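Report on the structure
Now for the letters of each chain:
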Amino acid sequence: MPAFRQVGEKQLPNPVLCMAWSPKRDLIALANTTGELLLHRLASFQRVWSLPPSEFTGKEITALAWRPDGKILAFSLGDTKQVVLCGVEKAEILHVFPMQNSVTCMHWMEVTEESSALSSFYNSEDESKLFLPKLPTLPKSYSTTSKIFSEEKSDEIMNLMGEVRLNVLVLGGDSGFVELYAYGMYKIATLSGVSGTCRSLSLSSDLKSLSVITEVRSADGDPQICYVQLDTRLLSDCLPEVTRMARKFTHISTLLQYLHLSLTCMCEAWEDILMQMDLRLTKFVQEKNTSTQVQDEFLELLLWGQSSPELQALLMNQLTVKGLKKLGQSIESSYSSIQKLVISHLQSGSEALLYHLSEVKGMSLWKQKFEPLGLDAAAIEGAITAVGSFSLKANELLQVIDKSTKNFKAFFRWLYVAMLRMCEEHVPPELNKMTQKDIAFVADFLAEHFSENEELFDRKGKYFNVERVGQYLKDEDEDLVSPPNTKGNQWLKFLQESLHLKESPLLFPSFPQKSLHFVKRMMEGVIQQCLQKPAEVIGRSVKQAVFLPLYGVPESSENTPRLFELPSLWNDKKAKMHHVVFCMPEVSPRKLFLLRRGTDPHRLIPNSVVSLDLRHHRDAADEDAAATPNYLSSCLDARFYDDEMLTVVLRGDCEREESGWRVLAQLPLASALSCEAEFTWDPDLRLDQQSGAIPCQELVLVNQWRELENMKAQFVAVNGIRKVACVLSANLRHIRVFEMDVEDEDDEGAESQNASADQDGLDATMAAEGPAEESGEKEEEEEEEEEEGRERGGDAFRKTEEQLESEEAL
C-alpha cells in the first residue's frame, strides 16, 4: 500500500523553471518561462496569487528562495540582473536591489547558534523604539513612478527585517560571483576565489563554512561539476558582533528606502502646472516688440493701473482670470503637500538615520570587537555628516516653501484684482483694500522674481524662475537656478569670520547651490561606501578550504533547466555537516552517490563518500506485474527530505514502455552510511575516475515508495518540516502534490476523490474506477471465508457489487 497520499494534480499552461516549498506553511512557489511567479496551496493545488512579469523588475526568473519565517519570497531576474523581495501575504514587491552579475542560485538560511551575548542583544534590540517616534505611513494618493510600490507601503518596508535572529540570503552567479546579505537586505560579504558558475549553495547554520557546487572548465575545455567548501570562520567567531552590525545596517538600508519613497512622493506632489507662469512669461518676452523689461511692465500696472497691449493680451487671453485662480489653488495645494511630507517624513527619517548611524559609530570605537569586521569610525562619521547636510537642505526647502507661499498669495491677490478691473468686472470689497505695505511687498516680489535671466534661457529655454520650489526636486547635477539669498545672514557671516568654526567637524556643510535630490544622492553614496567596507573585509577573510572535482557534465543534460539538476545540497544542523547527493550517469548510471563534509573544514568525517546501488527488483503485486521484469535503473532527481531521509524519483526499465516507469521513494540515509569500508580519495583524479573504489550499499525501499502512474516524472521538491512533496514531469507542465508521512487505510479512496475534484483535464472516471474494483475483489474474498449465517454482510456485498456494475455500465 502506498505510504504517500496524493492531494492535488494539475496541468500547467507554461513550463515551470523553479519551485520551492515554504518552510513554515503548506505553500509552494513556482516560476514559469513567461516570468510569472505563482503561489499554490497544498490542498488540491489551489492557486493563491500570481505576480505577472514587469518591465521594471524583469521577465526571466532564475532562482527562488524563502525567508526562514516564510513571510518573504526572494527571486532573481536574469534579464535585468536584479533581486526582488516579495511579500507573501499580498504579493507585493517590497524591495529591489541590482546585482553586478546574473544570479543563478540562491539559499536563505537562519543561524541556530545561541550565546549569552546574542540573548542579551535579542532582548535589548528594540531600544530604538523608546527614543524614536514611529515613522508615518506614506499618503494613500501616492502612486510611484517606479510602478512597484503601492499605497501605504512604508510599514511593510520597515518590517522587512523580520525576526531579530540573524538570517542570511546567499546569492551565487557566473564567474564565481557569491554574495551574502544579512536579513536579505544588507550585504555582509562579497566572496572571491570561487571558480566557474555557481549551481547550488548552502551556508551552514553555525556560519563556519559555505558549500558551493560549481561548473568549471577543465584543462581540456570540458565542463565538470566540482564541490567547493569555503571557510567562513570569521562570521562564526564574531557572530554576536556580526548580528548587531547587520541589524543596524539593515535598519539604515530600510530608512534609505523610506527616504527615497518620501522624496518620490514630494516630486509627484509638485505639478507641472506650476511652471505655466514661467513659460508664458518667456513666450511673452520672445513675442513682444517693445524694449521694455517685463519687470517694468508689471511695476507700471502696480503703480498706475495701466498696462501695455502686449501685457494685457498675455493676462486676458493666455493666463485668463480662471486660469490665474486655478494656478493659485494648485500652487497652494502643492506647496502644502510638499511641506507636510518634509516635516513628517523627511525629517523623521533623517532623525532615525542619524540615531542608528551614531550607534554604529559607537560600535566602531569598540575596536577589539568590531575592527576585525571592517567598521571604520572615520567613514561612519562622514556618513553622519552627509545625513546632517541632507537635513539642512530639507530645512532650507521648508523656508523656501514658506516664503514662496506668502509671495504667491500676495502677488496673485493683486494680479487677480488688476485683471478683474481690466475686464471691468466687480471686485469684491475684501480684495479691493491694498495698503502701502502690500504694494511694497509686491514690488519687492517683482524685483526679485521677474528679472530676465539670459543664463537661465541658455540652460532651460526660459527667461524666468518665478517658481522656486521645483528646482529643489529636480534630479540633476547642475546648480540651483535661484539659490536662496543669504545676504545679511548673521550666522553665516559669523562662521566665515571665525577661524575655528569654519572647518569644524561639528558643523554640517549646507551646499546652498545644490538641489535636495543632489544632496540625497550624495548622502546615499557616502552611506553605501560606509556599508561596503565590512563586506569587503569579511569577504577577504573567507578562504577556500576544499576543492573536489566530482564528474564531467553529461551532454544529455544540456537542455535541462539548471535549477533542477543535481547535485543537491543539505546542511545537517544537529550533526554539523554538509551533505551532497549526486549521480554520475556517464560512469555509474545505476548508482546514487552521497558526499559528506563537516561544517568545520578541518574535521574528519567517516564514510565521507558512499554510494547506493539502485538495481532493486520490484516485488510482484499482481500477476501482470509479476510477468514483467521491472527493476530500477537510474535516479532522475534526489532532494533531502530531512537529516535522515532522501526523497528520490527513480526510473525503472519496462518492456512495454520506452521511457520506463517512475517511482517516488524515500531512502533512509542510515542504510547507506552503515558500510564499514572507507574511501581514500586520490587528489590527482576526479571522483568519477575512481568511482569503482567508492563503498556501495544495496537499495532498500521497504514500504516508502509509490509508483507514479500515467506521468513521466522527472523532478521533485520536498519539505520535511511540512511533510510534503511536489513532483514535476519531464515536460515541466504536469504537477502532482503528495503528503508524505501518511498511512491511511482509505488512501486510495481519498486519492480517487482528489483526482475527481481536479478540473484540469484529468480523467476522473478512470482514477476512481480502479480503486473501487480492487476493493470489491477484496470484499469478495473475505465473504467466502465468512460464515454462511451472516446474511446481513452478504446483502451488503451484493449491494456493493450491483453498484459497481451500474457504474461500469455508465
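Everything numeric in this text was worked out from a predicted model, so none of it was measured. (Residues numbered from 1 in each chain as written. Predicted model: local features only at pLDDT ≥ 70, side-chain atom pairs only at ≥ 80, totals over all residues. Heavy atoms only, no water.)

Another point: the overall build of the chain. Per the secondary structure count, the chain includes 22 helices and 29 strands. Sequence-distant contacts, at least 24 apart, represent 64% of the contacts inside the chain between residues at least 6 apart. (Helix = DSSP H or I, 4+ residues; strand = E, 2+ residues; numbered from the N terminus. Contact = heavy atoms within 4.5 Å.)

Oppositely charged side chains may form a pair once their charged atoms are brought near each other. Per the stated rule, a full pass over the model turns up 19 salt bridges. Among the salt bridges present, the one from Asp402 reaches Lys406, with a minimum N-O distance of 3.7 Å. With Asp402 and Lys406 both in helix H11 (residues 377-422), this residue pair falls four residues apart, about one helical turn. The network of salt bridges with shared partners includes Asp231, Arg233 and Asp600. (Salt bridge = Lys/Arg side-chain N within 4 Å of Asp/Glu carboxyl O.)

Once that is clear, we can look at helix H9 (residues 321-365). For H9, spanning 45 residues, the distance from its first C-alpha to its last is 64 Å, which sits close to the expected 66 Å at 1.5 Å a residue. The axis of H9 is deflected most strongly, by about 35°, at Val342. (Expected span 1.5 Å × (residues − 1). Bend = angle between axes of the 7 residues up to and from the residue.)

A few words now on the packing of aromatic side chains. Within the structure shown, the criterion is met by nine aromatic pairs. Taken together, the ring pairs connect Tyr551, Phe582 and Phe593 into an aromatic cluster. When the ring centre of Tyr183 is taken as reference, the NZ or CZ atom of Arg247 above it lies at 4.9 Å. Lys514 extends its terminal NZ or CZ atom over the ring of Phe518, reaching a point 4.7 Å from the ring centre. (Phe/Tyr/Trp six-rings, centres within 6.5 Å; stacked < 30°, edge-to-face > 60°. Lys NZ or Arg CZ within 6 Å of the ring centre and 35° of its normal.)

Attention shifts here to the environment of Leu64. Position of Leu64 among the secondary structure elements: in strand S6 (residues 61-66). Expressed as a C-alpha distance, the spacing of Leu64 and Trp108, which sit 44 residues apart in the sequence, is 9.5 Å. Once residues within four sequence positions are removed from consideration, Leu64 is found in contact with Cys18, Met19, Ala20, Ala29, Leu30, Ala31, Leu37, Ala74, Phe75 and Met106.

Turning our eyes to something else, we now look at unusual backbone geometry. Of note, the phi angle at Ala91 is positive, near 55°, even though the residue is not glycine. Tracing the backbone shows Ala91 in the loop between strand S8 (82-87) and strand S9 (92-98). Exposure remark for Ala91: the relative accessible area of 17% places this residue in the buried category. The phi angle at Leu207 is positive, at roughly 60°, despite the residue not being glycine. (Buried < 20%, exposed > 50% of the residue type's maximum accessible area, 1.4 Å probe, protein only.)

The strand order across the open sheet formed by four strands is S14-S15-S16-S17, and the pairing between neighbours is antiparallel. In this open sheet, the two edge strands, each paired with only one partner strand, are strand S14 (197-203) and strand S17 (543-552). For this sheet the average axis-to-axis angle between neighbouring strands, irrespective of direction, equals 20°. As paired elements, S14 and strand S15 (residues 209-217) share six bridges and run antiparallel to each other. Residue pairing in the sheet places Ser200 in a bridge with Ile213 of S15. (Pairing = 2+ DSSP bridges. Axes fitted to C-alpha atoms, helices over the stretch in contact; angles between N-to-C directions.)

This part is about helix H8 (residues 309-319). Within the sequence span of H8, burial applies to Leu311, Leu314, Leu315 and Leu319. One side of H8 holds all its buried residues, which, seen down the axis, span an arc of 85°. Summarising the geometry of H8, the exposed residues directed more than 90 degrees from the buried face are Pro309 and Asn317. Once H8 finishes, Thr320 follows within two positions and takes phi at roughly 60°, a positive value. (Arc of directions from axis to C-beta.)

A few words on the confidence of the model for the chain. Averaged over every residue, the pLDDT of the chain is 79; the share at 70 or more is 78%. Counting contacts from residues 141-152, a segment whose pLDDT is below 50, to residues more than four positions away or on other chains yields 26 contacts. Throughout residues 617-629 the model reports pLDDT below 50, and contacts reaching past four residues in sequence, or to other chains, amount to 13 contacts. (pLDDT = per-residue confidence, 0-100.)

This paragraph deals with the environment of Lys369. Among the structural elements, Lys369 can be located in helix H10 (residues 367-370). We classify Lys369 as partly exposed; its relative accessible area is 32%.

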